[in-house]
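Listed here are the chains, written in short residue letters.
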Amino acid sequence: MSIISVKAASKAVTIAASVLCLGGVISFVRADETQKPIALNVIIGASAIAFSSHVSAQLCEESAKYQAGKLVEKHEIQVKGVEKERDTFNEKYRKQTNVVTEVKAINAKKEQENFVLGEELKIKNALIVALQKQLEEIKSTISQRYAEIDEKLAQEDKRYELAIYQLKTSFQESLKYKIDTSYEKLADTIAYKLSDAKCEGIFPQLEKLYATLKQMHPKHYQLLNEIAYVEGEGNEVVEAITDIYFQISDEIAALKVKYRNTLNIDERVALEAAMDELIERRDLKKFIPKPKVDKALDYYQQSQNEQLQNIKEIARENSQGLQELKDEVYELISQIEAKNMEIAQLKQKVAKLSEPYQFFGKGTLAEIGNLVISHYYTNYGYVFDALTWEESDTGYKLIFGTRRNPALTEEQVYQNNSQIQLAAITNSLHGTLPKFDFNRQNSTATLDVTLKKTTKKESVKDDIDKLWVPASKFEKFVSKWERVRITAGSTGGKSPTAKNLALAIMNVRKGKGEIRLYDPQHGSKKDFWNMPKAGTSHEDNIEGMKELCELLDARSEIKGKSHKFILYVFDEIDSTIAKHRGDASFKDLVVYSLSQGSHQDLGAIYIGQSADANTIPGMTHSQWNNATQLHIGSNASVWIDKSTTVTNEDKTKLLTQYKKISEYCERMNEELGLDIYTDAGAYRFALAVPLSGLPKFIQLPSFDSYEYNEVMTSDNQTPQPIERTVASTTVSETKCPQCGNEDLRKNGKHNGRQKYICKSCGEHFKI
């Protein structure tokens, strides 16, 4: 836009007025006295006109320039705004175009993969059809072979059954003859003896034996009938029949032996029996000669052996044929199983190809995205293919491809309270529900998950930083502390905080000095110390406290001399006091160490659980007030409630601050997924109670913010007092092996040897 100009018009008026003024001057010079006033007025008027024209021109020009500048500036601002909006729009368009391009590329890739998979699927379907046809042929062949096997088995079974039947019949006939003849002979003989008066003395035994015969006879016939019902393989049948045969034979032989024993009751009866037998043997009608019997038995046994051998041969041939058939059947079954396995694998591959694409990686968002995919595929059969995810200020977005379910609607994906289930799966913020946004053009669905509300975090952090000392200033804040009481509940972080405090104090001193740690919980689950220890029991706590008090006395006697700084750390001090409540000496030592003034180059950290000193046997709040106190977490509110050194107004103020800080730490830990009991970097705080002035809240640094080996120099990593042994000499000649000072103090005896403490450097040694 051009600038408006009135310079030409003003110049013309000025020239005209100047000419008029010049004419007035000439007239004034030439005119007489009566016309000079008129000429003078003309001069004045023309001069005024020229001057006013020039001034007005300047003013108009400046005003026009100012207005034009404003218009130009406004126009340029508008142009810049439009250009910025254009750039923003172009950038969004570019990003959207890139996303669309990526989605199209992914879709094209997926379509190509689907095409390839489809072709593979067709090939595999054809292969499955061929395999199924082959399987039907195999089944038909197997059925035919089974029919042949059954027919062959049926034929061979008839021969086998015939042989077994003949064997059973032969044994039954032989046994029946044996039973009938044996029992008939025994019964006749016993009846004959019972009718003979000469055998009157053995009548009772004979009658008893006769009764036994009556009992055993039906039993043996029952066993004889069981032969017909014996079943099993060839060898098993033969063994069973043979067992029955020998059982009956043995029992008949036993009856005969019993009969003979009955006859041998006395010699007379035996003699008579012998005579009767002799008479009986002479009767050819009743007695068969032994050679003839042996020959008959041999013939019978040979016949039975031949039959048994024939049966075994038949069974062996049948077994070989059956084994061959079994091998062929097993081979066919193995082929069928292999084909079934191949078909099952192909079906698995087909099913796998139809499953949704998963997110890769083991990140939280990838795992959550896969859970969402599994939820819809398992419960509803919807296929959400993984594409990508994006993080936002309030949560994250999961982007899925829906090309395989293009007609999905919000009503379908939210059915059966799925939105509430999604909230649980995605860990969304309480009170919010994940939402799907469908893009029909690109076939995508975006799941928007809210994890936290949009808050002005920085302003909240700034507000909290006004209420506490930030962790970044922890070391500077605690650098001058010398006697400190630390309390927290069980698993409240006492020990890690005490370690940070001790090493922060030593770090300010450039690691020059020594830390003597006494930990009665050494080796337990609550042992979080990873630094050298001077003691590991409650008794060591007592000895360490004695040592501290002795050093306080020794150094207080030497004025104006610097000593090596030693920081004592007593863990579980409350438990040690409670354990030795019957002995007030330890409690008195604690009180004494608290009451002594500072500036002895000695520090002490007392660690316990109770913020209420009155719960510790023999201790009071006033005694602990001689130390700086650090109460962690909920112990801060306990101390505020029990304190007698803070006004009610200040208590209310501190409790309000406590509530805000506690809520802030809980919220930050929840948002970041931190566990105050297990995560070293969780948000924690404590109330620092100084020796004078109002308490102040402090943010505790992460556990293990300091490492012992990094803070302490190698010359100062001695965790316990060193008692050196020097050569036996007179007391007047004894010197400290550390500094050579002769100003020593006796410190009791050990195994008959005198112990000393150097009053100058605090060295322990014995002679």
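Participant: Go over the overall build of the chain, please, and point to the residues and values.
Facilitator: Looking only at helices and strands, the chain features 19 helices and 16 strands. Looking at the chain as a whole, 37% of its 767 residues are labelled buried. Nonlocal contacts in the chain, meaning residues at least 24 apart in sequence, comprise 69% of its contacts between residues at least 6 apart. Here the chain displays about 45,900 Å² of accessible surface, and carbon together with sulfur accounts for 53% of that area.

Participant: Go over the sheet that holds strand E7 (residues 514-518), please, and point to the residues and values.
Facilitator: Either a parallel or an antiparallel arrangement is found when strands of a sheet pair, and the pairing is made through backbone hydrogen bonds. With respect to topology, 8 strands assemble into an open sheet ordered E5-E12-E11-E10-E6-E9-E8-E7, the strand pairing being mixed. Of all the strands in the sheet, just strand E5 (468-469) and E7 have a single pairing partner and so form its edges. Pairing between E7 and strand E8 (residues 566-570): 5 bridges, direction parallel. In the sheet register, Ile515 faces E8, and the bridge partner there is Leu567. Packing of helix H17 (residues 635-642) onto the sheet brings it into contact with strand E6 (483-487), strand E10 (628-632), strand E11 (685-689) and strand E12 (696-699), and relative to E10 it is tilted by some 125°.

Participant: Summarise unusual backbone geometry; cite the residues concerned and give the values.
Facilitator: Its identity is not glycine, yet Lys510 carries a phi of approximately 60°, on the positive side. Position of Lys510 relative to the elements: it lies in the loop between helix H12 (494-508) and E7. Not every positive phi belongs to a glycine, and Glu572 is a case in point at roughly 55°. Within the secondary structure, Glu572 sits in the loop between E8 and helix H14 (573-579).

Participant: Could you give an account of the pairing of E7, naming the residues involved and the relevant values?
Facilitator: When you tally the buried positions in E7, you get 5 out of 5 residues, the bulk of the element. Burial of the side chains of E7 extends over both faces: Glu514, Arg516 and Tyr518 are buried on one face and Ile515 and Leu517 on the other.

Participant: Requested: an account of the pattern of salt bridges, with residues and values cited.
Facilitator: Two side chains bearing opposite charge may form a pair once their charged atoms approach each other closely. Overall, the coordinates contain 15 salt bridges when judged by the stated rule. A salt bridge links Glu514 to Arg516; the shortest N-O distance between them is 2.7 Å. An identical accessibility class is assigned to Glu514 and Arg516; each is buried. Shared partners join several salt bridges into a network, and the residues in it are Glu514, Arg516, Glu547 and Lys564.

Participant: So what about the pairing of E8? Which residues, and what values?
Facilitator: Of all 5 residues that make up E8, 5 are buried, and the element is covered over most of its length. Along E8, one buried face is formed by Ile566, Tyr568 and Phe570 and the opposite face, lined by Leu567 and Val569, is buried too. With 5 bridges joining them, E8 and strand E9 (residues 602-608) adopt parallel strand pairing. The partner of Phe570 across the bridge, within E9, is Tyr606.

Participant: So what's going on with helix H15 (residues 584-595)? Residues and values would help.
Facilitator: Taking 1.5 Å as the rise per residue, H15 with 12 residues should run 16 Å; its terminal C-alpha atoms sit 16 Å apart, in good agreement. If you check which residues of H15 are buried, you get Phe586, Leu589, Val590, Ser593 and Leu594. All buried residues of H15 lie within an arc of 135° about the axis, which places them on one face of the element. Elements in contact with the buried residues of H15: E6, helix H13 (538-556), H14, E9 and helix H16 (621-624).

Participant: Quick rundown of the nonpolar core? Include the residues and the values.
Facilitator: Membership of the largest hydrophobic core comes to 33 residues, with the highest contact counts inside it found for Phe474, Trp481, Ile486, Leu501, Ile515, Val569 and Ile605. Sorting elements by how many residues they give to this core places H12 first, with 7 residues. Grouped together as the second largest cluster of nonpolar side chains are 29 residues, Leu167, Leu175, Ile190 and Tyr259 included.

Participant: Got a sec to walk through helix H7 (residues 364-379)? Specific residues and values, please.
Facilitator: Along its 16 residues, H7 runs 22 Å from first to last C-alpha, staying within 8% of the 22 Å computed at 1.5 Å per residue. Among the residues making up H7, those that are buried are Leu365, Ala366, Ile368, Gly369, Asn370, Val372, Ile373, His375 and Tyr376. Contact partners of the buried residues in H7: strand E1 (385-391), strand E2 (395-401), helix H8 (410-413), helix H9 (418-426), strand E3 (435-439) and strand E4 (444-450). Where H7 terminates, the next one or two residues include Gly381, which has phi positive at roughly 80°.

Participant: Give me the side chain of Asp519: which residues, what numbers.
Facilitator: Structurally, Asp519 can be placed in the loop between E7 and H13. A relative accessible area of 0% places Asp519 in the buried class. In this view, Asp519 contacts Asp527, Trp529, Lys533, Gly535, Thr536, Ser537 and Asp571; residues no more than four positions away in its chain are not counted.

Participant: Talk me through the packing of aromatic side chains; I want residue IDs and the actual numbers.
Facilitator: Using the criterion set out here, one finds 22 aromatic pairs in the structure. Where Tyr380 meets Tyr382, the ring centres are 5.7 Å apart and the plane angle is 20°; that geometry is what we call stacked. Relative accessible area serves as the criterion here: at 12%, Tyr382 is assigned to the buried category. Consider the rings of Phe436 and Phe438, whose centres lie 5.9 Å apart with planes at 25°: the pair is stacked. Taken as a pair, Phe436 and Phe438 share a single burial class, namely buried. Joined through ring pairs, the aromatic side chains of Phe359, Tyr376, Tyr380, Tyr382, Phe384, Trp389, Phe400, Tyr414, Phe436 and Phe438 make up one cluster. Residue placement shows Arg485 over the ring face of Trp624; its charged tip is 4.4 Å from the ring centre. Lying over the aromatic face of Phe565, Arg509 brings its terminal NZ or CZ to 3.6 Å of the ring centre.

Participant: So what's going on with the packing of H17 against helix H18 (residues 648-672)? Which residues, and what values?
Facilitator: Contact geometry for H17 and H18: axes closest at 10 Å, N-to-C directions at 170°. In terms of their interaxial angle, H17 and H18 are classed as roughly antiparallel. Contact residues: Ala636, Ser637, Ile640 and Asp641 in H17; Lys651, Leu654, Leu655 and Tyr658 in H18. Grouping the amino acids of the contact of H17 with H18 by side-chain chemistry returns 5 nonpolar, 1 polar and 2 charged.

Definitions and cut-offs
- Residues numbered from 1 in each chain as written.
- Predicted model: local features only at pLDDT ≥ 70, side-chain atom pairs only at ≥ 80, totals over all residues.
- Heavy atoms only, no water.
- Helix = DSSP H or I, 4+ residues; strand = E, 2+ residues; numbered from the N terminus.
- Buried < 20%, exposed > 50% of the residue type's maximum accessible area, 1.4 Å probe, protein only.
- Contact = heavy atoms within 4.5 Å.
- Areas by Shrake-Rupley, 256 points an atom, 1.4 Å probe, with all protein chains shown as cover.
- Pairing = 2+ DSSP bridges.
- Axes fitted to C-alpha atoms, helices over the stretch in contact; angles between N-to-C directions.
- Salt bridge = Lys/Arg side-chain N within 4 Å of Asp/Glu carboxyl O.
- Expected span 1.5 Å × (residues − 1).
- Arc of directions from axis to C-beta.
- Core = buried A, V, L, I, M, F, W, Y, C linked by side-chain atoms within 4.5 Å.
- Phe/Tyr/Trp six-rings, centres within 6.5 Å; stacked < 30°, edge-to-face > 60°.
- Lys NZ or Arg CZ within 6 Å of the ring centre and 35° of its normal.
- Parallel < 35°, antiparallel > 145°, perpendicular 65-115°, else oblique.
- Nonpolar A, V, L, I, M, F, W, Y, C, P; charged D, E, K, R; others polar.

So, to be careful, I would describe these as geometric facts and stop short of saying anything about function.
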